[in-house]
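What follows is the residue order along each chain.
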Amino acid sequence: MSEQFKPNIVAFLCNWCTYAGADLAGTSRIQYPANVKIIRVMCSGRVNPLYVVNALQQGADGVLISGCHPGDCHYMEGNFYARRRLKLLKELLEFTGVDPRRFNMSWVSASEGHKWKEVVEKAVEDAIAAGPFDQFRRRQIGW
Amino acid sequence: MTEKPKLGVYICHCGINIAATVDVEAVTEFAQSLPNVVVARNYSYMCSDPGQLLIKDDIQESGLNRVVVASCSPRMHEPTFRKALQEAGLNPYYLEMANIREQDSWVHQDREEATAKAKELVAAAVAKVRLLEPLTPREVDAEPAALIIGAGIAGIQAALDIGDAGFKVYLVEQSPSVGGRMAQLDKTFPTLDCSACILTPKMVDVANHPNIELLAYSEVEEVSGFVGNFDVKVRKKARYVDVSKCTGCGDCAEACRVAGRFPNEFEEGMGKRGAIYLPFPQAVPAKYTIDPERCLFLTRGRCGKSPKCVDACQPGAIDFEQKDEIVTFKVGAIIVATGFDVFDAAKKPEYGYTEFPNVITGLEMERLVSASGPTGGEILVDNGEEQIVPKEIAFIQCVGSRDQSVGNEYCSRVCCMYTAKQAHLIKDKIPDAKVKVYYIDVRAFGKGFEEFYDRVRREGIRYVRGNPSEIFKRGNKLIVKVEDTLTATPLEDEFDLVVLAVGLEPRADDRKTIDLLRLSQSPDRFLMEAHPKLRPVDTASDGIFLAGCCQGPKDIPDTVAQAKGAAASALIPLARGKVSIDAQVAGVIEDTCRGCGFCVSICPYTAIELVEINRMGHMVEVARVNEALCKGCGSCSAGCLSNSIQPKSFRDRQILPQIAALGGIK
């Protein structure tokens with residue numbers, strides 16, 4: 001079953017590093033799975049932890065957040081905030097019974113097209129291992 | 001917000017770049033079915049004139065008020081399409097782009113999957129664009145001055161251009177003299193101009209220019225602010241010499257107790273200097289500097305009865321009390337021209353650079369053939385036993401370039417030609433010398449390069465195709481072990497001197513510059529330009545430009561061309577006198593803000609402050625954003641307890657629909 005399962009992964013990428021890195025993967029024609037769909041934000045620090053929960057509620061099987069390497073943030077410290085908030089969220093998700101493999105965080109710079117491919121592949125692999133997700137799904141209310 | 005959204009969705013084929021993998025017709029059809037979409041079209045090149053006209057016509061004829069363009073990365077063409085919207089009378093921020101090229105068609109091969117992904121990305125963009133708000137970029141005054149970091153040929157040229165245009169330039173150089181690497185070179189390829197003869201006049205110009213303030217022996221410590229308004233803090237290191245009194249006579253250097261004891265950096269360690277020194281005779285400013293790590297008085301507190309330099313200096317310029325000085329100023333634009341390091345040949349132990357005195361680098365060879373060099377231009381080497389004039393000389397190409405084993409995959413672009421030039425100079429000085437060049441490929445790509453390479457070969461320089469595996473000693477000769485790959489012959493050739501054509505590397509202290517200015521690096525570790533083809537001198541940060549080898553290996557003409565390009569780009573905000581500030585900044589919803597100040601403590605730019613307002617008769621504190629300081633990162637928003645502070649165009653209510661669209665639950 002897991003062979004057919006194609007997880008749906010929502011990714012939040014910072015504009016300056018990982019989004020640019022993903023663009024570089026494109027210009028270098030590096031091939032990776034099509035499961036990851038990207039939302040561009042200016043900084044990984046912009047990602048409200050609730051977005052992750054929301055994505056899981058809305059049908060994502062996994063969430064990926066990626067920004068500049070710690071210390072290299074375009075906005076000086078945004079990724080530090082992201083790292084702290086999202087570490088906490090990851091533990092909280094685990095506490096609520098969500099497989100922690102559904103949530104990945106990484107640091108990919110604008111020059112790391114290859115690393116982006118690896119990050120995507122890992123996120124997809126992890127989400128496949130965790131299986132389809134419906135714990136958080138809002139009930140379909142039919143009125 | 002009162003107007004009902006009327007969307008136009010435009011899907012680009014990008015020739016076949018997108019259309020080959022994504023079924024654009026299917027995506028168009030899908031877009032048509034999305035809520036509020038009035039028009040959905042596809043076109044071969046949306047960014048072209050007719051493509052943009054398509055959007056403009058629809059805005060005017062069908063009354064569109066929101067536009068989605070599904071094409072390349074917004075990092076590429078967002079400004080293009082924003083402008084198109086503006087020209088059609090629509091607010092430029094009513095645009096959202098779906099990246100279906102870099103992040104879809106170019107990275108996937110399965111047409112079905114790529115098409116499905118494109119549909120989702122378009123749906124997400126449609127979901128967001130409906131909720132975007134009109135924004136107006138603000139204009140602020142730009143400081144009519146520029147900072148240039150590094151005074152090699154790139155920094156000098158950029159400074160002269162900006163200075164000549166009538167704007168103030170602060171030229172900061174960390175070493176005691178301007179001139180950089182070019183000052184170390186003897187002749188320049190392929191014209192054989194004397195490097196000093198073409199550079200020194202420019203060095204003097206830069207020091208005497210009424211608009212250029214030269215800050216030599218100084219380092220930039222802090223840069224804050226944004227395009228048009230950078231605040232810069234520079235540390236002028238203590239020279240322990242009063243530059244207003246120093247006449248550059250050199251009596252102090254001769255008198256110095258430790259004169260001639262230390263390797264001279266300018267001579268690549270082959271010449272010697274004392275603790276008080278002028279890096280080279282043509283140094284600008286021609287002022288002496290005391291090396292605080294070498295000076296007896298500064299390191300041990302005493303130097304005989306009294307320091308000899310003090311006694312020797314007639315104008316009384318020596319000042320051991322001098323302290324570092326901090327200078328602050330404002331500039332509108334910054335040019336980074338920090339240059340390069342040469343590859344450390346010790347990282348290739350098989351060539352015995354540290355072992356044999358007659359294995360030298362290309363830059364050492366430059367100093368050796370230079371009339372102003374340590375030997376006065378005579379080519380003399382130590383073969384381990386005696387000083388000799390070498391008769392058999394080898395050059396090895398690509399040392400530290402095109403070599404993954406040392407982490408440098410790139411070609412350094414200058415080594416082939418400087419080797420050819422040095423081979424020619426050797427033939428000139430030692431006519432009976434036998435010179436061989438071991439190469440992988442000869443890259444003579446520039447103007448006049450191939451002709452020069454031909455000329456050198458006709459002069460009797462032998463080119464052998466092969467990458468030497470080892471250098472060792474036999475008797476008083478060096479043996480180069482190599483396979484001639486054209487004839488498949490293993491060779492062991494004897495030489496008196498081996499010159500390693502070392503490549504160019506990013507500076508070891510680049511990290512400091514990167515942290516200072518928030519720059520990015522390319523995979524080769526050189527500083528990264530905003531776009532490899534179309535914005536080769538810009539960086540991702542507005543108002544900061546790159547010139548010269550800090551961006552990648554270059555020869556002198558390319559460096560000068562890039563410096564002139566960077567100067568012209570830096571002049572845009574200076575000459576206009578104004579810069580537009582991005583409108584995508586944070587804003588506070590004062591009705592729900594509880595004034596906790598959490599955002600104030602988060603903001604890296606101190607752009608938020610608490611102010612008192614009257615809320616229905618009660619004085620309460622709320623957060624307020626200083627839009628000139630805010631950069632729109634949105635960190636404050638993710639930390640806000642009541643979702644009251646929101647970055648425009650990246651509000652919760654604009655991102656959440658995107659998430660919903662990608663999540664796929666209706």
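Keep in mind that what you see is a predicted model, and the values were worked out from it rather than measured.

**Considering the overall build of chain B**
Broken down by element type, chain B carries 18 helices and 36 strands. Considering only C-alpha atoms, chain B reaches an extent of 90 × 70 × 40 Å along its principal axes. Out of the 666 residues belonging to chain B, those deemed buried represent 56%. Within chain B, contacts between residues separated by at least 24 positions form 69% of all contacts whose residues are at least 6 apart in sequence. Accessible area of chain B: about 27,800 Å², with a carbon and sulfur share of 50%.

**Concerning the state of the cysteines**
The final tally for this structure, using the stated rule, is two disulfides over all chains. A disulfide bridge connects A:Cys17 with A:Cys68, and the sulfur atoms are separated by 2.3 Å. Across the disulfide from A:Cys17 to A:Cys68, rotation about the S-S bond amounts to roughly 95°, and the bridge is consequently right-handed. Residue A:Cys17 is found in the loop between strand S1 (9-14) and helix H1 (18-27), and its partner A:Cys68 is found in the loop between strand S3 (62-67) and helix H3 (78-95); the two are separated by 51 residues along the sequence. According to the relative accessible area criterion, A:Cys17 is buried, its value standing at 7%. By relative accessible area, A:Cys68 is classed as buried at 2%. B:Cys194 shares a disulfide with B:Cys197; S-S distance 2.2 Å. An S-S torsion of about 90° defines the bridge between B:Cys194 and B:Cys197 as right-handed. With no disulfide of its own, B:Cys47 lies 5.9 Å from the sulfur of B:Cys12, the closest cysteine sulfur. Here B:Cys549 stays unpaired: no disulfide links it, and the sulfur of B:Cys550, its closest cysteine neighbor, is 8.0 Å away.

**Quick notes on the pattern of salt bridges**
Residues and elements named next belong to chain B. Taken as a whole, this structure holds 54 salt bridges over all chains when the rule is applied. Taking the shortest distance from any N to any O, the salt bridge between Arg82 and Glu78 comes out at 3.6 Å. One end of the pair is Arg82 and the other is Glu78, both in helix H3 (residues 74-87) and four residues apart, which spans about a single turn. For Arg624, the salt bridge identified is with Glu590, shortest N-O distance 3.2 Å. Here Glu590 lies in the loop between strand S33 (586-588) and helix H16 (598-602) and Arg624 lies in strand S35 (residues 618-625), a separation of 34 residues in the sequence.

**Digging into the interface of chain B and chain A**
The partner chain A presents 53 residues to the 52 residues of chain B that form the contact. For the chain B and chain A pair, buried surface summed over both sides reaches about 4,500 Å², with 54% attributable to carbon and sulfur atoms. Where chain B touches chain A, the interface holds six salt bridges. Note that B:Arg511 and A:Asp72 form a salt bridge whose closest N and O atoms lie 2.7 Å from each other. Sorting the residues of the side of chain B that touches chain A by element identifies H3, helix H4 (101-105), helix H5 (111-129), helix H14 (510-517), H16, helix H17 (635-639), strand S36 (645-647) and helix H18 (652-663) of chain B as the ones contributing at least two each.

**Details of the domain arrangement of chain B**
All names here are of chain B. Taken domain by domain, chain B holds domain 1 (7-129), domain 2 (145-231 + 326-339 + 507-578), domain 3 (251-312), domain 4 (342-504) and domain 5 (586-647). Taken over C-alpha atoms, the centre of domain 2 sits 29 Å from the centre of domain 3. Contact residues are listed per partner, giving 13 residues for domain 2 and 13 residues for domain 3. For the pair domain 2 and domain 3, the number of links is one salt bridge. Where domain 2 meets domain 3, there are four residue pairs in polar contact (both at pLDDT 80 or more). In terms of residue count, the dominant contributor to the side of domain 2 that touches domain 3 is helix H7 (residues 195-208) (four residues). Grouping the amino acids of the side of domain 2 that touches domain 3 by side-chain chemistry returns nine nonpolar, three polar and one charged.

**A few points about the pairing of strand S3 (residues 66-71) of chain B**
Residue and element names in this part refer to chain B. Within S3, six of the six residues are buried, which leaves the element mostly enclosed by the surrounding structure. Of the pairings in the sheet, the one linking strand S1 (residues 7-12) to S3 comprises five bridges and is parallel in character. Across the sheet, the residue bridging to Leu7 is Arg66, located in S3. By the bridge criterion, five bridges tie S3 to strand S4 (residues 95-99) in an arrangement that is parallel. Residue pairing for S4: Val68 is matched across the bridge by Glu96. In this region the chain leaves S3, passes through H3 and returns to the parallel neighbour S4; the handedness of that crossover is right-handed.

Scoring rules and cut-offs
- Residues numbered from 1 in each chain as written.
- Chains lettered and ligands numbered in written order.
- Predicted model: local features only at pLDDT ≥ 70, side-chain atom pairs only at ≥ 80, totals over all residues.
- Heavy atoms only, no water.
- Helix = DSSP H or I, 4+ residues; strand = E, 2+ residues; numbered from the N terminus.
- Buried < 20%, exposed > 50% of the residue type's maximum accessible area, 1.4 Å probe, protein only.
- Contact = heavy atoms within 4.5 Å.
- Areas by Shrake-Rupley, 256 points an atom, 1.4 Å probe, with all protein chains shown as cover.
- Disulfide = S-S within 2.5 Å.
- Salt bridge = Lys/Arg side-chain N within 4 Å of Asp/Glu carboxyl O.
- Buried area = accessible area lost by both parts, 1.4 Å probe.
- Domains from an automatic or database assignment.
- Polar contact = N/O pair within 3.5 Å; in protein donor to acceptor, adjacent residues only side chain to side chain.
- Nonpolar A, V, L, I, M, F, W, Y, C, P; charged D, E, K, R; others polar.
- Pairing = 2+ DSSP bridges.
- Right-handed = clockwise from strand over helix to strand, strands pointing away.

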